[in-house]
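Structural features, examined
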Amino acid sequence: MPQFELSHILLRTSLYTSHFNPEPEHNNHQQLISLELHNHENWLLGGARFKNSFGQDSVYLYGGKSWPFWRSGQHLEARTKLTAGILHGYRGEYRDKIPFNHFGVAPAALPSVGLRWHRLETDLVIFGTAGVMVTGGIRF
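Here's a quick rundown of the structure. Quick caveat, the model's predicted, so the values are computed rather than measured. (Residues numbered from 1 in each chain as written. Predicted model: local features only at pLDDT ≥ 70, side-chain atom pairs only at ≥ 80, totals over all residues. Heavy atoms only, no water.)

1. A short note on the environment of Tyr 90
Within the element layout of this structure, Tyr 90 appears in the loop between strand 5 (76-88) and strand 6 (105-117). On the accessibility criterion, Tyr 90 (9% relative accessible area) is buried. C-alpha separation for the pair Tyr 90 and Ser 14, spaced 76 residues apart in sequence, amounts to 19 Å. Apart from residues no more than four positions distant in its own chain, Tyr 90 is found in contact with Asn 52, Ser 53, Phe 54, Gln 56, Ser 58, Arg 95, Lys 97, Ile 98 and Asn 101. (Helix = DSSP H or I, 4+ residues; strand = E, 2+ residues; numbered from the N terminus. Buried < 20%, exposed > 50% of the residue type's maximum accessible area, 1.4 Å probe, protein only. Contact = heavy atoms within 4.5 Å.)

2. Comments concerning the sheet that holds strand 5
What the eight strands build is a closed barrel, ordered 1-2-3-4-5-6-7-8; its pairing is antiparallel. For this sheet, the mean inter-axis angle between neighbouring strands, taken without regard to orientation, is 25°. (Pairing = 2+ DSSP bridges. Axes fitted to C-alpha atoms, helices over the stretch in contact; angles between N-to-C directions.)

3. Re the nonpolar core
Tyr 60 and Leu 87 are the most contacted members of the largest nonpolar core, which totals 15 residues. Of all the elements in the fold, those that place two or more residues in this core are strand 3 (43-51), strand 4 (57-72) and strand 6. Counting residues per element, this core draws most heavily on strand 3, which supplies three residues. Setting aside residues no more than four positions away along its own chain, Tyr 60 makes contact with Gly 46, Gly 47, Ala 48, Phe 50, Thr 83, Ala 84, Gly 85, Ile 86, Leu 87, Ala 108, Ala 109 and Leu 110. (Core = buried A, V, L, I, M, F, W, Y, C linked by side-chain atoms within 4.5 Å.)

4. Thoughts on the side chain of Glu 36
Tracing the backbone shows Glu 36 in strand 2 (residues 33-39). Polar side-chain contacts of Glu 36 include one of 3.1 Å to the side chain of Lys 81. (Polar contact = N/O pair within 3.5 Å; in protein donor to acceptor, adjacent residues only side chain to side chain.)

5. Let's talk about the pairing of strand 3
Relative to strand 3, strand 2 runs antiparallel, the two being bridged by six bridges. Bridge pairing in strand 3 places Leu 37 opposite Leu 45. Between strand 2 and strand 3, which follow one another and run antiparallel, lie three residues, and Asn 42 among them has a positive phi close to 70°. By the bridge criterion, nine bridges tie strand 3 to strand 4 in an arrangement that is antiparallel. Its bridge partner lying in strand 4, Arg 49 is registered against Val 59. Hairpin connection from strand 3 to strand 4: five residues lie between these consecutive antiparallel strands, with Gly 55 at a positive phi of about 80°.

6. Describing the pattern of salt bridges
Within the structure shown, the criterion is met by 12 salt bridges. Put simply, Lys 81 and Glu 36 hold a salt bridge, and the shortest N to O gap is 3.1 Å. Of the two residues, Lys 81 sits in strand 5 while Glu 36 sits in strand 2, which places them 45 residues apart along the sequence. The two residues Lys 81 and Glu 36 agree in class, both being buried. Across the salt bridge formed by Arg 79 and Glu 121, the nearest N and O atoms sit 2.5 Å from each other. (Salt bridge = Lys/Arg side-chain N within 4 Å of Asp/Glu carboxyl O.)

Given below as structure tokens:
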């Protein structure tokens, strides 16, 4: 069985959110906090706690991979990333706002594009057909 040898940890938060089709009930202040464990082969495991589009406490547990596509030295990098996992938190009248949320847990996949400069990172994350979020974080 392959081992997950830790390269770095990424701690992130949400900086900006916008919905493609905004509704008055939409929350654009996700208060996201996430922690990702990365290995040397660009695989990652993570978890995030945030307020969903309807202000409900939610959790996303995921795995994924990033693909660097441009570098300038060791300190500046552009990359794409794809994560996939399970999403929990859409309840009550908002339960059906995400697909396959039959048991209160739904599958999710989030593509992003991002930049790293030294220990700082930022990502533009697309959350389905609903909107985009800009995150910022620091590597440890």
